[in-house]
Amino acid sequence: MGNTFGAGQQSLYLSNGGTEVFIDVLMLAVSDLVEDVWDCRFAALLTLQDQSIMGRGAVGFNLEDIDWGTTPQERSRSRDFVLCATTLAMSRHRWSELDYEPPFAQNYLRQFKDMVESFVPADAFHGTGVFPGLDERALACCTRHRILSALPHWEGCFLCTQPR
Ligand SMILES: [Zn+2]
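These remarks concern the structure in this document. (Residues numbered from 1 in each chain as written. Predicted model: local features only at pLDDT ≥ 70, side-chain atom pairs only at ≥ 80, totals over all residues.)

Along the backbone of the protein there are six helices and four strands. When the elements of the protein are put in sequence order from the N terminus, they spell out β-β-α-α-α-α-α-β-β-α. Expressed along its principal axes, the backbone C-alpha trace of the protein runs to roughly 40 × 30 × 30 Å. A burial count over the protein gives 35% of its 164 residues as buried. Within the protein, residue pairs in contact and separated by at least 24 positions form 65% of the contacts whose partners lie at least 6 positions apart. (Helix = DSSP H or I, 4+ residues; strand = E, 2+ residues; numbered from the N terminus. Buried ≥ 20, exposed ≤ 12 C-beta atoms within 10 Å, placed from the backbone. Contact = placed C-beta atoms within 7 Å.)

What follows is the structure in structure tokens.
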């Protein structure tokens, strides 16, 4: 059992363990890059991929479910943020803070980056209820780990809450 991250005909299927690794390394990069409100909504989407809360094999998202923005400028800025975070994660950013070695993470990230690069967000977005709204964005930053979390839903960041 696993989870799928998709875009149109493309998809990245990861095992449950692989999903955890993929989200962890992406979250470490996203936490250090957030500037805009949109970035915090994307961070909240990542916190929702926590299988210890949502259920094993019950997560994943499609790029079509993301509200990339209403103008071409907004959409391109949002996409750049995700690409930038993915690239930073691929450079093994803060991997030393994980208590495990993620051997396949760069491969997952590369596939995800390819998918985002070739994805063209639609002009009109029709909410699917997947992408966190303004009031659901990740605002809290765990002081111990300097990683964003989506309080009040989560008690802390993924390093605080995930049993290893
Ligand atoms: Zn923490």
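We now examine helix H2 (residues 37-47). Of all eleven residues in H2, ten are buried, a share of seventy percent or more. The inward-facing, buried residues of H2 contact helix H1 (16-33), helix H4 (72-90) and strand S4 (147-149).

Attention now goes to the pairing of strand S1 (residues 2-7). Here six bridges tie S1 to strand S2 (residues 10-15), and the two strands are oriented antiparallel to one another. Bridge pairing in S2 links Gly6 to Ser11. Between the antiparallel neighbours S1 and S2 lie two residues, among them Gly8 with a positive phi of about 55°. (Pairing = 2+ DSSP bridges.)

A separate point is the nonpolar core. Phe22, Val25, Leu26, Met27, Val30, Ala43 and Leu46 are the most contacted members of the largest nonpolar core, which totals 33 residues. Of all the secondary structure elements, the ones that give two or more residues to this core are S2, H1, H2, H4, helix H5 (105-118) and S4. Broken down by element, this core gets its largest block of residues, nine residues, from H1. (Core = buried A, V, L, I, M, F, W, Y, C linked by C-beta atoms within 7 Å.)

Another aspect to go through is unusual backbone geometry. At Arg92, a position not held by glycine, the phi torsion is positive, near 65°. With respect to the helices and strands, Arg92 occurs in the loop between H4 and H5. Backbone geometry places Arg94, a non-glycine residue, at a positive phi of 60°. Mapped onto the elements, Arg94 comes out in the loop between H4 and H5.

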